[in-house]
Amino acid sequence: MRVLVLLLCLWQVSGIYSDLDWWRTANVYQIYPRSYKDSDGDGTGDLNGITERLPYLKSLGIHAIWLSPIFVSPMKDFGYDIANFEDIDPIFGNMQDLENLVKIAHELGIKVLLDFVPNHSSDQHQWFIDSANNVDEFKDYYMWHPGKTDPDNAEKKIPPNNWLSAFRGSAWQWNEARGEFYLHQFAAGQPDLNYRNPKVVDAMKNVLRFWLQKGVDGFRVDAVPHLFEVPQENGAYPDEPPSGNTDDKEDHAYLKHIYTMDLPETVQMVYQWREVLDEFTKEDGNTRLMLTEAYSDINILMSYYGDGKKNGSQVPFNFYLIMHLNNDSNALDFNENIRIWLDNLPAGCEANWVLGNHDQRRIGSRFGTHRIDGINMILNTLPGISITYQGEEIGMTDVFLTWEETVDPAGCNAGKDKYDLFSRDPARTPFQWDDSTSAGFSTNPKTWLPVSPLYKDVNVGKERSAQRSHLKVYKQLLRLRTTQTLKRGSIETKTEGENVLIITRRLPGFDTFFTIVNIGSEREAVDVRGLFSGRLTVEIASVASERQSGETLRSPTLWLEPHEALIIRGSAGASYSVYLMNNEV
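It should be emphasised that the depicted structure is a prediction, and the values quoted were computed from it without experimental measurement.

Some thoughts on the overall build of the protein
For the protein, the count of helices and strands is 18 helices and 22 strands. The C-alpha atoms of the protein give 25 Å as radius of gyration, which agrees with the globular expectation for 585 residues (25 Å, within 12%). For the protein, the C-alpha atoms occupy an extent of roughly 90 × 50 × 50 Å along the three principal directions. Expressed as a percentage of its 585 residues, the buried residues of the protein come to 58%. Restricting to contacts in the protein with at least 6 residues of sequence separation, those with at least 24 account for 68%. For the protein, the accessible area works out to roughly 23800 Å², and carbon and sulfur atoms hold 49% of it. If the 57 positive side-chain charges of the protein are averaged to one point and the 81 negative ones to another, these points end up 6 Å apart.

Here's the deal with the packing of helix α6 (residues 198–213) against helix α7 (residues 264–284)
Packing of α6 against α7 brings their axes to within 10 Å, and their N-to-C directions diverge by 30°. Crossing of α6 against α7: the hand is right-handed. Across from V201, K205, L208, R209, L212 and Q213 in α6, the residues of α7 making contact are M269, Q272, W273, V276, L277, E279 and F280.

Here's the deal with the nonpolar core
Counting 133 residues, the largest nonpolar core has Y56, L57 and I65 as the members making the most contacts within it. In contact with Y56, not counting residues within four places along its chain, are Y29, Y36, E393, I394, F431, W433, V460, R464 and L471. In terms of nonpolar packing, the next biggest core, distinct from the first, is built from 16 residues, V500, V528, L531 and F532 among them.

Some details on the sheet that holds strand β9 (residues 172–175)
Read from one edge of the open sheet, 3 strands run β6-β10-β9, paired in antiparallel fashion. Two strands in the sheet have a free side with no partner beyond their single neighbour: β6 (144–145) and β9. Sheet topology places β6 next to strand β10 (residues 180–183); 2 bridges connect them, and they run antiparallel. If you follow H145 over to β10, its bridge partner there is F181.

Topic: the pairing of strand β22 (residues 565–570)
Across the 6 residues of β22, 5 count as buried, placing the element largely inside the fold. The sheet contact formed by strand β18 (residues 512–518) and β22 spans 6 bridges and is antiparallel. Residue pairing for β22: T512 is matched across the bridge by G570. Two strands pair when backbone bridges link them, and strand β20 (residues 536–541) and β22 are joined in this way by 5 bridges, in the antiparallel orientation. Counted as the bridge partner of T537 is R569 from β22.

Conventions we followed
Residues numbered from 1 in each chain as written. Predicted model: local features only at pLDDT ≥ 70, side-chain atom pairs only at ≥ 80, totals over all residues. Heavy atoms only, no water. Helix = DSSP H or I, 4+ residues; strand = E, 2+ residues; numbered from the N terminus. Rg over C-alpha atoms; globule rule 2.2 N^0.38 Å. Buried < 20%, exposed > 50% of the residue type's maximum accessible area, 1.4 Å probe, protein only. Contact = heavy atoms within 4.5 Å. Areas by Shrake-Rupley, 256 points an atom, 1.4 Å probe, with all protein chains shown as cover. Lys, Arg positive; Asp, Glu negative; His and termini not counted. Charge placed at Lys NZ, Arg CZ, Asp CG, Glu CD. Axes fitted to C-alpha atoms, helices over the stretch in contact; angles between N-to-C directions. Left-handed = near helix turned anticlockwise from the far one by under 90°. Core = buried A, V, L, I, M, F, W, Y, C linked by side-chain atoms within 4.5 Å. Pairing = 2+ DSSP bridges.

Here it is as structure tokens:
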């Protein structure tokens, strides 16, 4: 009878926790298509290469993949300069290849998210060509200004104000065809669209609808804070004030961007896009997901979720761990930045955790390879959505590139003396599949960026066969995220001294999990009996740890070696007993 009651109670508890929508605890994996898998031997990754590797992603436990831009582009910013928002660039394949990728991904239970780049187009987009030629329909599709007269030369025009590009220098570029300057907050080949023109708003909503009709499951939205600029007053745009952060007047950080970033209209635009996604969600019940990129203040980021009346982005990217943590950060710093998001999170919304992407140096290079497992444990045991950049699961690191090898416009624009400070190429090198030619990424020995010289030791093939590896730790973590405790459990974070971070996940009736990470370089002690009174076993151990999964902790003091990270399971036996006693009637 007691066994029957136990089974009944477990069924009841499981039923209580069976209604989470797919995205709320999703494992999202970012793919940089140029560097993931080359299927045709031209040295550049493509859609068919991604399709080939979908079973690998399924084996990891990935729920959704986000593809960086795959649209027609002159590739001045490697796809973020789009010449046709509704077609595939031949570098990556064709529309049928994408449709096949989506079909197979869905068969495997994997959602497909595309990159939506709404702030700007390529200067080779037909919209811009028509706008530059004053075609009535497109005349105001972009941000134009005749400029000011050069005080030193009455026959010369200069930019209308001091606004700066994120890629250095003036954000204004002269166009001979129109005889005016256009605004580009990124590369000169990326003119800003004018979102104060309703035709632009409608056109970009139709871009969303086009891809949703193709079966994609949502979008990552690029560079959202830049969408709106203050309108002209008396034919002029105001200068932005100096920030005091740098003396380099060409650097984007030289100015405080009060007129070109984070305007209130931006958040309202996100709400409008969510309405488009919801049109499709209502048709079939499959929630379409929006992830929005903004390195903004916490109050602005929280507003992206919604305003209580309108829904916004389900995933305003949480870049606080990227913006405020580095190799010198301790457990107190980690805890503070984790709590900022959790303590400000609106009711009913989900947190998200990300520490890497195509614009950032890799985790192993920023924090040290000895911290890779610990950081992956932190990201994957916090509540909500976990986001992984390709290669972080195997511990890939940045690749040093010479000036001659550099192709990223952010690095090229910085010049030979500073390119290594601004280039994003080191984190974009080809994925390391095995120890064959070009790391198994391509059959071509020459790839669009050089392969890491470490590929023979750091690759999927080797880590699959190794007794312990970053890949195996990562797969264990994603399996652990399927437990009800990690899906639904409460979250507590604390520190032991300055160097040990402890994350506790609890749920009545289920096992408790403790993520214990020694971020420091000294041996540290933790009183584990102060955490839990029942049986404690090692669930997951970092690669360099001497402890093994399944090992029972028999001492009240847990000694952690430098940079060691563990996930400890607290048995739910006592909790089950209480649950049964309260429910036996």
